[in-house]
Amino acid sequence: MRRIWVALFALVLLCSPICAQGLDEDFGAAALEQKLSEPMRGWMADYSPAVSFDLLHGVEDILEKGLEYGGTVLQDGAATFVFLLLVVAFCKLGEALQNTWTFPVASLTGALAISLYCVRDLHSIINLGKQTMDELSVFSSVLMPVMASAAAVSGAANQAGTIYCLAVLFSNWLLKICNTLLFPMIYVYLTLALADTVLGQARLKRLKEFLGWCVKMLLKGLLSIFTGFLTISGALSGTVDAAALKTAKFAISGMVPVVGNIISNASSTLLSSAAMLKASIGSFGVLAIFSIFLLPFFKIGVYYLTAKLSASLSSLLDSSLSGFVDAISSAMGMILAMTASSVFLCLSSCICFLRTVNP
Amino acid sequence: MDEFLKIAGLAIIAGLLCMVVRPYTPILSGLLSLGACTLILLLAVSFMTPVLELLQLLREMTGMTRAVTAPLYKSVGIGILTQISGAICEDAGEKTLSKAVEIGGTILSIYVTLPLLSALLSILQEALGG
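Residues numbered from 1 in each chain as written. Chains lettered and ligands numbered in written order. Predicted model: local features only at pLDDT ≥ 70, side-chain atom pairs only at ≥ 80, totals over all residues. Heavy atoms only, no water.

## What about a negative patch on the surface?
A cluster of acidic residues, A:Asp54, A:Glu60, A:Glu64 and A:Glu68, forms a negative patch on the protein surface. Examined against the element boundaries, A:Glu64 turns out to sit in helix H5 (residues 55–67). (Patch = residues over 30% accessible without salt bridge, like charges linked within 9 Å, V, L, I, M, F, W, Y side chains within 5 Å. Areas by Shrake-Rupley, 256 points an atom, 1.4 Å probe, with all protein chains shown as cover. Salt bridge = Lys/Arg side-chain N within 4 Å of Asp/Glu carboxyl O. Lys, Arg positive; Asp, Glu negative; His and termini not counted. Charge placed at Lys NZ, Arg CZ, Asp CG, Glu CD. Helix = DSSP H or I, 4+ residues; strand = E, 2+ residues; numbered from the N terminus.)

Right under this line is the structure:
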């Protein structure tokens, strides 16, 4: 009789926590949707962190929604491309007419015209990069604790703590470095490129290249350290968690008389349900990060490719402006790299949470 | 093509006439050269209409403002005029005058670029919150 009661009690225990709503509220997953910006919330309306869904299908859906804005972005890119080529052609004509002049006014006029046309775009793209990074930071400030809680409940307490600490630490560092150092460096980089074009002596070229190298190395270094830490600590704490889980299960089933096996099995089911919820929150997180990044990536990417193509074509004309246009495309590339780094930090942390030890 | 043949023919005839006249009356040679230049430029200018229409179309396509395009056009125009007037001065044996025209052209080109610079500076000031 006593066995039947215990079995019934275990059955009740098994059923109640599987209800995702209860766990969802405990982990604070509901706040995930609220932390998304208004347009992103619209994009993610069909998905919920409490309900598991096919991630690939979700990505396809978000891509379709993002492509609706693609036409305008491409149109802007085409306009910039035509403008850049037009100015370069005019400049080349001016250079040919002024070949005996002591001061190259044509390249000054061309560089200033390009700067005037592109400065608003550049500023808005830099702001777009900053805004995307901020949005990701705000979203991950909710996602990471939720994922860490879900991962800890599913039996990976050590690993969840480690990943959470690393993700928060490196995300904050990246945001701080970008805002205080890298974004201002891009402005300096562009100013140097403008001055270099106007003076036409390539004296500032080295300094400009050095700044570009610094930005790239800082980003690469930060991401390499993050990945290294994640690999080492994740593997170590993952092993500890797996071993602890195994030992605990073995101890429960062996030490508790009669019902040890039942409790051990019940705890496994509980852990599995937490792991399922962790997976659904993780999928939602990955999809939300993807949707936050998609449009800025597309906009900056189109601008970057436009400038790169214009630079290549203007170098065919042997124009002095090709270096300046190339510098603009490099600056776009740097902004793209910064935003992508931020996304990489969030995504890799999210995937690491998903890959934590499963019961 | 026909128009260009006219221009080329006019230039060759004017050049030959100048060569013949120069030893006797250098002033007349100079005036002849100037007149031929004016005629050639007038003929060439008649072809500027479609070019300007294309530029207008591109301007509308790219959303460029006059503030951006005007200095570019003016700079090229100044370059053309400086080149021609400098060459005429050199033909007349006035190298100093030719250099002065060049310097004048450079200063004027910088002058027409100034609105670009001031517009850029004001945008930067606005962007940086100055």
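## What about a nonpolar patch on the surface?
Taken together, A:Phe103, B:Leu108, B:Ile110, B:Tyr111, B:Leu114, B:Leu117, B:Leu121 and B:Leu124 make up a surface patch of nonpolar side chains, about 680 Å² in accessible area. When you line up the elements, B:Leu108 lands in helix H5 (residues 95–127). Residue B:Leu108 is classed as partly exposed on the basis of its relative accessible area of 45%. (Buried < 20%, exposed > 50% of the residue type's maximum accessible area, 1.4 Å probe, protein only.)

## Topic: the interface of chain B and chain A
Taken together, the contact between chain B and chain A spans 31 residues of the former and 27 residues of the latter. Taken over both partners, the interface formed by chain B and chain A buries close to 2,700 Å², and the fraction arising from carbon and sulfur atoms is 80%. Applying the counting criterion to the chain B and chain A interface returns 0 salt bridges. Our enumeration of links across chain B and chain A arrives at 1 residue pair in polar contact (both at pLDDT 80 or more). (Contact = heavy atoms within 4.5 Å. Buried area = accessible area lost by both parts, 1.4 Å probe. Polar contact = N/O pair within 3.5 Å; in protein donor to acceptor, adjacent residues only side chain to side chain.)

## Regarding H5(A)
Residue and element names in this part refer to chain A. For H5, with 13 residues, the first-to-last C-alpha span of 18 Å sits near the 18 Å given by 1.5 Å per residue. Taken residue by residue, H5 has Gly-58, Asp-61, Ile-62, Lys-65 and Gly-66 as its buried positions. Buried residues in H5, looked at end-on, bunch into an arc of 135°, giving them a common side. Along H5, exposed side chains directed more than 90 degrees from the buried face belong to Leu-56, Glu-60, Glu-64 and Leu-67. (Expected span 1.5 Å × (residues − 1). Arc of directions from axis to C-beta.)

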